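For reference, the chains in residue letters:
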Amino acid sequence: MKEDILEQIVADWFVSQDGWFVKHNVKFRPAKTNEQYNSKQDSVHSDIDILAFSPIETGGKRVAVVTCKSWQGGFDAKKWLGVLEGEAFYNERTQDFQKREGWKYFRELVSAKWLCAFLKTLQDQTGQTSFVYYIAVTKLKGRGAQTYREKLENSVVLKERFAKYGAEITIKIITMDELVRHILKRFNGKETTVVESTDIGRTLQLLNAAEVLTDVDE
């Protein structure tokens, strides 16, 4: 199955930089041996949208995990800061419709059993549990969006949650605008035109050549 457009842009952003290798949709779920395991809650896998690894980087910069939230309405950093610094509680079972619990969109950041499964997968895949966690979004929204972006990126609650298990997390939020501008600047910095190696790269390259995408440096 083809990854969504935001995932493709993120992957292109990584592989266009020297030394990065990318893997899509890496599955994980709590171990049945975990004391909090509940077969009714934990039988379905979650997945890492993009797992990127660079052997030429050092420390936690060698590993990047990306969760892509291509919500057209945008990402409300204030709202999600509250959700991610909160606790993981499941809805009570009922016949009435209930909205999905918000923390489940980032279960590896909030639920201890999912966090442990996530870290084991990182260890198995990359050999380390120090990493950069990117939240890729279409755009930021809400009053004070930049302020709350910085608060989420520097959340002591989230850092301590991972430190408890001997892991080190660096959180970064990146928007589609920032990703595309980075890619277009790379195009414009080339001395000769070479066809891009990815589908999304070629699409952006063509739109750039047609001058559909402008004002990159503003």
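For the structure itself, look to the data block above.
Described below are features of the structure shown in this document. Quick caveat: nothing in here was measured; it's all calculated off a predicted structure. (Residues numbered from 1 in each chain as written. Predicted model: local features only at pLDDT ≥ 70, side-chain atom pairs only at ≥ 80, totals over all residues. Heavy atoms only, no water.)

## Structural notes on the overall build of the protein chain
For the record, the criterion: Each helix corresponds to a stretch of at least 4 residues labelled H or I by DSSP, and each strand to a stretch of at least 2 residues labelled E; elements are numbered beginning at the N terminus. Burial status follows relative accessibility: with a 1.4 Å probe on protein chains alone, a residue under 20% of its type maximum counts as buried, one over 50% as exposed, and anything between as partly exposed. It only takes one pair of heavy atoms within 4.5 Å for two residues to be counted as in contact. All accessible-area figures derive from a Shrake-Rupley calculation using a 1.4 Å probe, and residue coverage is judged against the displayed protein chains alone.
When helices and strands are counted, the protein chain shows nine helices and seven strands. For the protein chain, buried positions account for 41% of its 218 residues. Sequence separation of 24 or more characterises 68% of the internal contacts of the protein chain that already satisfy a separation of 6 or more. On the protein chain, roughly 12600 Å² of surface is accessible, and the fraction owed to carbon and sulfur atoms is 48%.

## Concerning the sheet that holds strand E3 (residues 63-69)
Keep this limit in mind: One requirement defines pairing of two strands: DSSP has to find at least two bridges between them. Interaxial angle, 0 to 180 degrees, is taken between N-to-C directions of lines fitted to C-alpha atoms, where a helix line uses only the stretch in contact.
Spatial ordering of the open sheet is given by E1-E2-E3-E5-E7, a layout of five strands whose pairing is mixed. Each edge of the open sheet is held by one strand with a lone partner, namely strand E1 (21-28) and strand E7 (168-175). Going from strand to strand, the sheet's axes swing by 30 degrees on average, the running direction of each strand aside. As defined by bridge partners, strand E5 (residues 130-137) adjoins E7 across eight bridges and the pair is classed as parallel. Among the inter-strand pairings, Val-137 is bridged to a residue of E7, identified as Thr-175. Strands E5 and E7 of the sheet are contacted by helix H7 (residues 156-163), whose axis makes an angle of about 140 degrees with E7.

## Here we look at helix H5 (residues 112-126)
Where we set the bar: Any helix carries an expected span of 1.5 Å times its number of residues minus one.
The end-to-end C-alpha distance of H5 is 21 Å, a good match for the 21 Å that 15 residues give at a rise of 1.5 Å each. All of the buried residues in H5 are Lys-113, Trp-114, Leu-115, Ala-117, Phe-118, Leu-119, Thr-121, Leu-122 and Thr-126. Directly beyond the C-terminal end of H5, a positive phi value near 85 degrees is found at Gly-127.

## Overview of the packing of helix H1 (residues 5-15) against helix H9 (residues 199-209)
Stated precisely, the cut-off is as follows: Roughly parallel here means an angle under 35 degrees, roughly antiparallel means over 145, roughly perpendicular means 65 to 115, and every remaining angle is called oblique. Note on residue classes: Ala, Val, Leu, Ile, Met, Phe, Trp, Tyr, Cys and Pro are nonpolar, Asp, Glu, Lys and Arg are charged, and everything else, Gly too, is polar.
For the pair H1 and H9, interaxial distance at closest approach is 8 Å and the crossing angle is 90 degrees. Classified by the angle between their axes, H1 and H9 sit roughly perpendicular to one another. Residues Ile-5, Gln-8, Ile-9 and Asp-12 of H1 pack against Asp-199, Ile-200 and Gly-201 of H9. Within the contact of H1 with H9, the residues separate by chemical class into three nonpolar, two polar and two charged.

## Some thoughts on the environment of Phe-53
Positionally, Phe-53 belongs in strand E2 (residues 46-53). Residue Phe-53 is classed as partly exposed on the basis of its relative accessible area of 23%. Along the primary structure Phe-53 and Trp-20 are separated by 33 residues, whereas in three dimensions their C-alpha atoms are 5.6 Å apart.

## Examining the environment of Tyr-37
Residue placement: Tyr-37 occurs in the loop between E1 and helix H2 (39-42). As a C-alpha pair, Tyr-37 and Trp-114 span 77 residues in sequence and 9.5 Å in three-dimensional space. Excluding residues that lie within four positions of it along the chain, Tyr-37 makes contacts with Pro-30, Ala-31, Lys-32, Asp-42 and Ser-43.

## Overview of the environment of Met-176
The topology assignment puts Met-176 in helix H8 (residues 176-188). Accessibility expressed as a relative area gives 25% for Met-176, which makes it partly exposed. Along the backbone, Met-176 and Val-10 are 166 residues apart, and their C-alpha atoms lie at a distance of 8.5 Å. Contacts of Met-176, omitting those with residues within four sequence positions, involve Leu-6, Ile-9, Val-137 and Thr-138.

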